[in-house]
Amino acid sequence: MFKKLKDKKGFTLVELIVVLVILAILAALLIPALTGYIDKANKEKVIAECRMAVMAAQTEATTIYGEKGKVDDDTFAGKDADIRKLAEVSGHWQITYTSAGKITSLKYSNENWYVEYTAADGDKAATYTEPQQIGASGVTVSKIAADKYGAKEVAAAAAGTGK
C-alpha cells in the first residue's frame, strides 16, 4: 500500500494552490511599484519632447532672424510644420518669442501630459514645470490648443484621440 503512494508522481492540489497564492501576493506587491515607474517615465518623456520642441523652435527662430533681421508673427506663423519635423514630436505647443528670435516660453502638451518651459532670464536658469497629467487636477489642453488650433483638434487632444 505504501509503495503505491511513493510511485505516484506530481503535485497535490494543496501544493498547487499554495504556489498560486504566493504568486498572487508577489503580483499584488509588484503592480503598484511598476505603475509608479510608468508615470515617472511618462513625465520624463513629456519633458524630453518639450526640450526637442524648444530646440526646434529656437532653430527656426534663429534662422528667420538671420535671414530677415527680426522675428514676427508673419514670418514665424508658417513654421509649425518645420518645427514639428525638426522636433519629431506630435504634441501641441504655444510659443512666446522676442523679435530677436529668442524663445522665451513654450507650453507643450502631448496626449496625456502638459509641461511649460521658461527661458533663462538674467541670473535665473531655464526651467521646466513639473509635468501634469491632462484631466487630473483640472489640467486641460484647451488653453494651449485653443490659441493655436481649432475646436476639432482641441476636442481630439482632450480626448486623447488625435493631434
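Rules used throughout
- Residues numbered from 1 in each chain as written.
- Predicted model: local features only at pLDDT ≥ 70, side-chain atom pairs only at ≥ 80, totals over all residues.
- Heavy atoms only, no water.
- Helix = DSSP H or I, 4+ residues; strand = E, 2+ residues; numbered from the N terminus.
- Phe/Tyr/Trp six-rings, centres within 6.5 Å; stacked < 30°, edge-to-face > 60°.
- Buried < 20%, exposed > 50% of the residue type's maximum accessible area, 1.4 Å probe, protein only.
- Expected span 1.5 Å × (residues − 1).
- Contact = heavy atoms within 4.5 Å.

Brief notes about unusual backbone geometry
And then number 1: Of note, the phi angle at E88 is positive, near 55 degrees, even though the residue is not glycine.
And then number 2: Structurally, the position occupied by E88 is in the loop between α4 (80–87) and β1 (92–97).

Points about the packing of aromatic side chains
And then number 1: Following the criterion strictly, the structure yields two aromatic pairs and no others.
And then number 2: Ring geometry for F76 and Y97: centres 4.6 Å apart, planes at 55 degrees, overall tilted. Of the two residues, F76 sits in helix α3 (residues 73–76) while Y97 sits in strand β1, which places them 21 residues apart along the sequence.
And then number 3: The exposure class of F76 is buried, given its relative accessible area of 6%.

Remarks on helix α2 (residues 13–68)
And then number 1: Between its first and last C-alpha atoms α2 spans 80 Å; for 56 residues at 1.5 Å apiece the expected length is 82 Å, and the two agree.
And then number 2: Among all positions of α2, only V46, I47, E49, C50, A53, V54, A56, A57, E60, A61 and I64 are buried.
And then number 3: The inward-facing, buried residues of α2 abut α3, α4, β1, β2 (103–109), β3 (113–118) and β4 (127–128).
And then number 4: Directly after α2, the chain includes G69, whose backbone phi takes a positive value near 90 degrees.

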